[in-house]
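Descriptive structure summary
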Amino acid sequence: MEAESGQVSSWLQAFGAALARNDIRAAANFFGYDCYWRDLLAFTWTIKTFEGPDEITAMLAATLNSTQPSGWALAGKPTLNDGATEAWLTFETNVGRGIGHLRLNGSRCWTLLTTLQELKGFEELEGRTRPAGVEQGGIKDRKSWLDRREQEEAELGVTRQPYCVIIGGGQGGIALAARLKRLGVPTLVIEKNERAGDSWRKRYRSLVLHDPVWYDHLPYLPFPDHWPVFSPKDQMGDWLEMYAKVMELNYWSSTLCTGARYDEEAGEWEVSLNYGGDRIKLYPKQLVLATGMSGFPYMPALRGADSFEGRLCHSSQFDAGSNYAGKNCVVLGSNNSAHDIAADLWEQGAQSVTMIQRSSSVVCTSDALMEHAWGKLYSQAALEAGITTEIADLTVASTPFKLLPAQMKPVYETIRKRDAQLYEGLEKAGFLFDFGEDGSGIHSTYLRRGAGYYIDVGASQLIIDGFIKLKSNTTIKDINPRSVTLDDGTMLPADLIVCATGYGSMNEWAAKLISPEVADTVGKCWGLGSGTRYDPGPWVGELRNMWKPTQQPGLWFHGGNLMQSRLYSLYLALQLKARMEDIPTPVYYVDPVHHKR
């Protein structure tokens, strides 16, 4: 690999020299015609991918003077992967230090990732600090840790204002608050539930994470070694509650945000809360909606619903299959929640369970994903090979979203062959399945719409064996007092109807808590503009509005799965810290709004 090391070092030296002398044309010439530069804050103070030399040239022309990058250096030995030379690198800007990843095709760059990792002079708190009141050589104040924590929580929002308020105390809000705590940003988390972790505890009894444990660590504090590969929901809820306490987060549970308004002149928010029956107003500079990656539960309008004598609910309201032993159950939908709930109902002794599938779903077993997708970066074997969680996260981040479908198609072709018997069984059962509109599977489907797939942990075999009955390519036409009529004329007895019909866009929360006008100002969240179903174009190349500046000053969106909450919480925290410290943050680009609610 000496030749590759020399090649990368020469490229970095020459590229860095071109940037240092402000020779933008020469710098752009180090990229091939088919090239991508993904920047996480370092150059642009946003999250943006530049595709092709022209976009890279325009970005450098706008940002190079304010960024002043320097110190480009190889970090570790390069590797050869599918003909491309890959290497990790480090660099600095005028305000921070960064880590990057480079892929070379020959002598030119194919992909470049640049990420801001820390701010100079405002690094994360390191080492062990003495508790308040403890001085060198003696104890000044014997106030307990709990007393100090309660006092800090009481003061924050009463005698002093938080710089940042996070609405939503699930995994996203907790991960971000932990990052901000380490950066010294006064932050308050608002959670409507009674306890941290209740957003998991209150879901249906059988819920288990479908992502492996190595994928799901929170910042700073990984799961213990004995943790199950796929965490049960209550165990996950308890972990979040423990994490919030151990990380000493300012966390107000049983608190409802009743509204928020942005004061343009003051440059701050007025946030109204119902806190233990008291009406409180806070005035933070920054407001983060960490309400998940979705909006409100979507309940379809079903004719005759008022006449139903059984229970009709959304999947988010479903509790446990044990409550419906001996009952006739209908599940509308065919993605993760629908499968989990249908399996739980059957396992708990329902008289009948029928899944109504309206359209095709992507199906893939968790074993296949571990073997061919997750396991390369997130597994015990990966850890033993030296791939830490941080390296895995940055490796994922280094692949531009435009390239992901082509990268994943062969993976899913392999998976289809691997599990051919499963797919043959599903086809015979009448289940409508696919591998995404372009064959790129769950990964692309998740980014495009956040739904539309099932990671199989056993329910597919129940469908194949006929234990979960199936009516596909149809939907509910009418609800009767004790049955449903499908649009193909079939009538099914029903004591329970669960609508596993998904959620709306995350900006619905902005409409409810702030105003419909602000929701439309920022536009929809999530999706890449791929032009596929539920993800209309134009192409934007990054997830809409997530973890970056929006069209509404001071308003941020934070969500996603546990891996995304961990990875992107760093970059959102750095943006908030920089603004608090009055570090210049010239944002290169804020996406125009193409789609509202």
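Throughout this document, residue positions are counted from 1 along each chain, in the order its sequence is written. pLDDT decides what is reported in this predicted model: residues at 70 or higher carry local features, side-chain atom pairs at 80 or more are listed and counted, and totals for whole chains, interfaces and linings draw on all residues regardless. Each side-chain value is worked out from all heavy atoms of the structure, with water and hydrogens disregarded.

Let's shift gears to helix α5 (residues 171-182). By definition, any uninterrupted DSSP run of H or I lasting at least four residues is a helix, any uninterrupted run of E lasting at least two residues is a strand, and each is numbered from the N terminus. Working rule for helices: expected span equals 1.5 Å times residues minus one. Over its 12 residues, α5 extends 17 Å from the first C-alpha to the last, a length consistent with the 16 Å expected when each residue adds 1.5 Å. The element α5 is extensively covered by neighbouring structure, given that 10 of its 12 residues are classed as buried. Among the residues making up α5, those that are buried are Gln171, Gly172, Gly173, Ile174, Ala175, Leu176, Ala177, Ala178, Arg179 and Leu180. Residue exposure (1.4 Å probe, protein chains only): buried if accessible area is under 20% of the type maximum, exposed if over 50%, otherwise partly exposed.

A few words now on the packing of α5 against helix α7 (residues 233-246). An axis is simply a line fitted to the C-alpha atoms; with a helix, the fit covers only the stretch in contact. Between two such axes, the angle follows the N-to-C directions and lies from 0 to 180 degrees. At a minimum axis separation of 10 Å, α5 and α7 run at an interaxial angle of 20°. When the interaxial angle is binned, α5 and α7 end up roughly parallel. The element α5 and its partner α7 pack so that their crossing is left-handed. Residue-level inspection shows Gln171, Ile174 and Ala178 of α5 in contact with α7, the latter providing Leu240, Tyr243 and Ala244. Residues of the contact of α5 with α7, tallied by class, amount to 5 nonpolar, 1 polar and no charged. By definition in this entry, angles of less than 35 degrees are roughly parallel, angles greater than 145 are roughly antiparallel, angles of 65 to 115 are roughly perpendicular, and the rest are oblique. Definitions for this section: a left-handed crossing has its near helix turned counterclockwise from the far helix by less than a right angle. A right-handed crossing has that turn clockwise. Any two residues whose heavy atoms approach within 4.5 Å at even a single point are treated as in contact. Residues are grouped as follows: nonpolar covers Ala, Val, Leu, Ile, Met, Phe, Trp, Tyr, Cys and Pro; charged covers Asp, Glu, Lys and Arg; every other residue, Gly included, is treated as polar.

A separate point is the environment of Pro553. Tracing the chain through its elements places Pro553 in the loop between α17 (516-522) and β27 (555-557). Distance from Pro553 to Val522, taken between C-alpha atoms, is 9.8 Å for residues 31 residues apart in sequence. With residues near it in sequence (within four places) discarded, Pro553 still touches Tyr262 and Trp269.

In this model, Gly537 is joined to Pro538 through a cis peptide bond whose omega is 5°. Along the chain, the position of Pro538 falls in the loop between α17 and β27. Look at Asn22: it is not a glycine, yet its phi comes out positive at around 60°. Tracing the backbone shows Asn22 in the loop between α1 (2-20) and α2 (24-28). On the basis of relative accessibility, which here comes to 38%, the residue Asn22 falls in the partly exposed class. Residues other than glycine seldom take positive phi values, yet Tyr534 does so here, at roughly 70°. By the element assignment, Tyr534 lies in the loop between α17 and β27.

For the rest of this paragraph, the subject is the packing of aromatic side chains. Only rings of Phe, Tyr and Trp enter the pairing, Trp through its six-membered ring, and a pair is recorded when the two centres are within 6.5 Å. The plane angle decides the type: under 30 degrees is stacked, over 60 is edge-to-face, the rest tilted. Applying the stated criterion to the full structure yields 30 aromatic pairs. Between Phe433 and Phe435, the ring centres sit 6.2 Å apart and the planes meet at 85°, which makes this aromatic pair edge-to-face. In textbook terms, an aromatic cluster arises when at least three aromatic residues are bridged by ring pairs, as seen for Trp11, Phe15, Phe30, Phe31, Trp37, Phe43, Trp72 and Phe91. Charges are assigned to positions over rings by a cutoff of 6 Å between ring centre and Lys NZ or Arg CZ, combined with an angular limit of 35 degrees from the ring normal. Seen from the ring of Tyr220, Arg179 lies directly overhead, with NZ or CZ sitting 5.4 Å from the centre. The ring of Tyr220 has Arg182 sitting right over it, with the charged end atom 4.3 Å from the ring centre.

Let us now look at the sheet that holds strand β3 (residues 70-81). For two strands to be treated as a pair, DSSP must find at least two bridges joining them. Read across the open sheet, the 6 strands follow the order β2-β1-β6-β5-β4-β3; overall the sheet is mixed. Both outer strands of the open sheet, β2 (47-51) and β3, are each paired with one neighbouring strand and no more. Along the sheet, successive strands turn relative to each other by an average axial angle of 15°, direction set aside. Contacts between helix α3 (residues 53-67) and the sheet are confined to β1 (31-40) and β2, with β1 contributing the most and set at about 45° to the helix. Here helix α11 (residues 389-397) sits on the sheet in contact with β1, β4 (84-92), β5 (96-105) and β6 (108-119), set at roughly 130° to β6.

This part is about helix α8 (residues 336-347). For α8, with 12 residues, the first-to-last C-alpha span of 17 Å sits near the 16 Å given by 1.5 Å per residue. Against the buried residues of α8 lie β17 (328-332), β18 (352-357), β21 (453-456), α15 (459-464) and β26 (496-499). One or two steps after α8, the chain reaches Gly349, where phi turns positive at roughly 90°.

The strand order across the open sheet built from 3 strands is β20-β19-β21, with neighbouring strands paired in parallel fashion. Each of the sheet's edge strands pairs with one partner strand only, and the pair in question is β20 (433-434) and β21. Relative to β20, strand β19 (residues 361-365) runs parallel, the two sharing 2 bridges. By the bridge assignment, Ser361 is partnered in β20 with Phe433. Helix α14 (residues 441-449) contacts β19 and β21 of the sheet and is inclined by roughly 140° relative to β21.

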